[in-house]
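# Structure at a glance
One-letter residues, chain by chain:
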Amino acid sequence: EANIQNKNMAITLLVTPKEVKAQSQLSGQIDSEKLEIPIRITQDLKIRTILGAALYTRINDLFVAGTRSITLEPYKTLFYDHIKTTLILYVAAKYTLQTPLEVSNGGSSTYSPNNGSAAARADIVSQAKNIENDAETYAGLMVKYLKANDSIFPEYTEIIEGEAKADDDVYFSGMEMSDGRDEIEYLDR
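A quick note: this is a predicted structure, and the numbers were derived from the prediction, not measured.

### With respect to the overall build of the protein chain
Broken down by element type, the protein chain carries six helices and four strands. Taken from N to C terminus, the helices and strands of the protein chain fall in the order β-β-α-α-α-β-β-α-α-α. Per-residue burial over the protein chain gives 35% buried out of 189 residues. For the protein chain, contacts bridging at least 24 residues in sequence account for 69% of all contacts bridging at least 6. Summing over all exposed atoms, the protein chain offers an accessible surface of approximately 11900 Å²; the carbon and sulfur share of this is 49%.

What follows is the structure in structure tokens.
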């Protein structure tokens, strides 16, 4: 069980390194310990931001109480249909970007596979961006699901002073693609 201590509070990883490797393009040969920090960071910076502190805490509490699973609906559906996939994809993107480098006492190093050649940095960045785009698509679907079901997830709209509130615009790039009907109607007026 992967727990990380932070200010006297145990942080439970909502997905395991094994799940990340099994459900993404990451290899089973990756050291599981190297995935724990990207999982933790992604939970804090991405998933907590999407859900808001109240709903994130509720999911975490149910996960811990359910011995690393959630059985209570509608949280079970939210967790297994939305949160896990989004989290796994964000972790895979994050790890893909950091993968070719390792920092140690002797400095930074890159590694090459024994039976292949090292990928160009541009290819690695492109692969990570593709994975992150998929993660953002799933994150957007999660936000739509939460907004459509905010009555069954009261924590989604709950605000805890000093804590992160749900940010439903977190994935809006500022550019909306539409068929242009709104613009035509506006110009006609």
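There's plenty left to go through after this.
### Brief notes about helix α2 (residues 33–65)
Over its 33 residues, α2 extends only 24 Å from the first C-alpha to the last, a length that falls short of the 48 Å expected when each residue adds 1.5 Å. In α2, a bend of some 115° at Gly-52 exceeds every other bend along the element.

### Digging into the environment of Thr-42
Within the secondary structure, Thr-42 is located in helix α2. When the C-alpha atoms of Thr-42 and Thr-86 are compared, they prove to be 9.8 Å apart, with 44 residues separating the residues in sequence. Those residues within four positions of Thr-42 in sequence are excluded, and the remaining contacts are Ile-47, Leu-87, Tyr-90, Val-91 and Lys-94. Only 2.7 Å separates the side chain of Thr-42 from the backbone oxygen of Pro-38, close enough to count as a polar contact.

### Remarks on a nonpolar patch on the surface
Among the surface-exposed residues, Ile-37, Ile-41 and Leu-45 lie close enough to one another that they form a single nonpolar patch of about 270 Å² accessible area. Within the secondary structure layout, Ile-41 lies in helix α2. Overall, Ile-41 belongs to the partly exposed group, its relative accessible area being 31%.

### A word on the nonpolar core
Formed by 39 residues in total, the largest nonpolar core has its most connected members in Leu-51, Leu-55, Ile-59 and Leu-78. For this core, the elements supplying multiple residues, two or more each, are α2, α3 (75–98) and α4 (121–148). Counting residues per element, this core draws most heavily on α3, at 12 residues. If sequence neighbours within four positions are ignored, Leu-55 has contacts with Tyr-75, Leu-78, Leu-146, Phe-153, Glu-155 and Tyr-156.

### Digging into the packing of α2 against α4
Orientation of α2 relative to α4, taken along the N-to-C sense of each, is 25°, at an axis distance of 9 Å. Taken together, the axis directions place α2 and α4 in an arrangement best described as roughly parallel. Like other packed secondary-structure pairs, α2 and α4 cross with a definite hand, here left-handed. Between α2 and α4, the contacting residues are Lys-46, Ile-47, Ile-50, Leu-51 and Leu-55 on the first element and Glu-132, Ala-139, Met-142, Val-143 and Leu-146 on the second. A per-class count over the contact of α2 with α4 returns eight nonpolar, no polar and two charged.

### Notes on α3
The end-to-end C-alpha distance of α3, which contains 24 residues, comes to 32 Å, matching closely the 34 Å that a straight helix rising 1.5 Å per residue would cover. At Ile-83, α3 shows its strongest bend, of approximately 35°.

### Side note on the environment of Ala-54
Counting through the fold element by element, Ala-54 comes out in helix α2. Looking at Ala-54, the relative accessible area reads 8%, which means it is buried. Sequence-wise, Ala-54 and Tyr-156 are 102 residues apart; in three dimensions their C-alpha atoms are separated by 6.8 Å.

### Regarding the pattern of salt bridges
Counted according to the given criterion, the structure contains four salt bridges. The shortest N-O distance in the salt bridge between Arg-40 and Asp-44 comes to 2.0 Å. With a gap of four residues between them, Arg-40 and Asp-44 both fall in helix α2, about one helical turn apart. Arg-40 sits in the buried class, given a relative accessible area of 10%. The partner of Glu-155 in a salt bridge is Arg-58, with the nearest N and O atoms 3.4 Å apart. A residue pair is termed long-range when its members are at least 10 positions apart, and Glu-155 in helix α5 (residues 154–157) and Arg-58 in helix α2 qualify at 97 residues. By relative accessible area, Arg-58 is classed as partly exposed at 29%.

Parameters and conventions
All residue numbers refer to positions counted from 1 along the written sequence of the respective chain. The model is predicted, so local features are restricted to residues of pLDDT at least 70 and side-chain atom pairs to those at 80 or more, both for listing and for counting; the totals for chains, interfaces and linings are taken over all residues. Note: side-chain values were computed over all heavy atoms of the structure, leaving out hydrogens and water. Every helix listed is a DSSP run of H or I at least four residues long, and every strand listed is a run of E at least two residues long, numbered separately from the N terminus. Residue burial is assigned from relative accessible area. The probe radius is 1.4 Å, only protein chains are included, and a residue is buried under 20% of its type maximum, exposed over 50%, and partly exposed in between. Pairs of residues are marked as contacts when any of their non-hydrogen atoms sit within 4.5 Å. Accessibility throughout is a Shrake-Rupley quantity obtained with a 1.4 Å probe, and a residue counts as covered only by protein chains that appear here. A helix's residues, less one, multiplied by 1.5 Å, set its expected span. Note that the bend at a residue is defined as the angle between axes fitted to the seven residues ending at it and the seven residues starting at it. We define a polar contact as two N or O atoms separated by no more than 3.5 Å, with the added condition that, inside protein, one atom must be a possible hydrogen donor and the other a possible acceptor, whereas residues neighbouring each other in sequence contribute only through side-chain atom pairs. Patches draw on residues past 30% relative accessible area with no salt bridge. Two like charges within 9 Å are joined, as are two nonpolar side chains (Val, Leu, Ile, Met, Phe, Trp, Tyr) within 5 Å. Salt-bridge detection follows one rule: a side-chain nitrogen of Lys or Arg within 4 Å of a carboxyl oxygen of Asp or Glu. The term nonpolar core refers to a set of buried residues drawn from Ala, Val, Leu, Ile, Met, Phe, Trp, Tyr and Cys, joined through side-chain atoms within 4.5 Å. Each axis is a line fitted through C-alpha atoms, and for a helix only the stretch in contact is used; angles between axes span 0 to 180 degrees, taken between their N-to-C directions. Angles are sorted into four bins: roughly parallel if under 35 degrees, roughly antiparallel if over 145, roughly perpendicular if 65 to 115, and oblique for all others. Two helices that cross are described as forming a left-handed crossing if the nearer one is turned anticlockwise from the farther one by less than a right angle, and a right-handed crossing if clockwise. Residues are grouped as follows: Ala, Val, Leu, Ile, Met, Phe, Trp, Tyr, Cys and Pro are nonpolar; Asp, Glu, Lys and Arg are charged; every other residue, Gly included, is polar.

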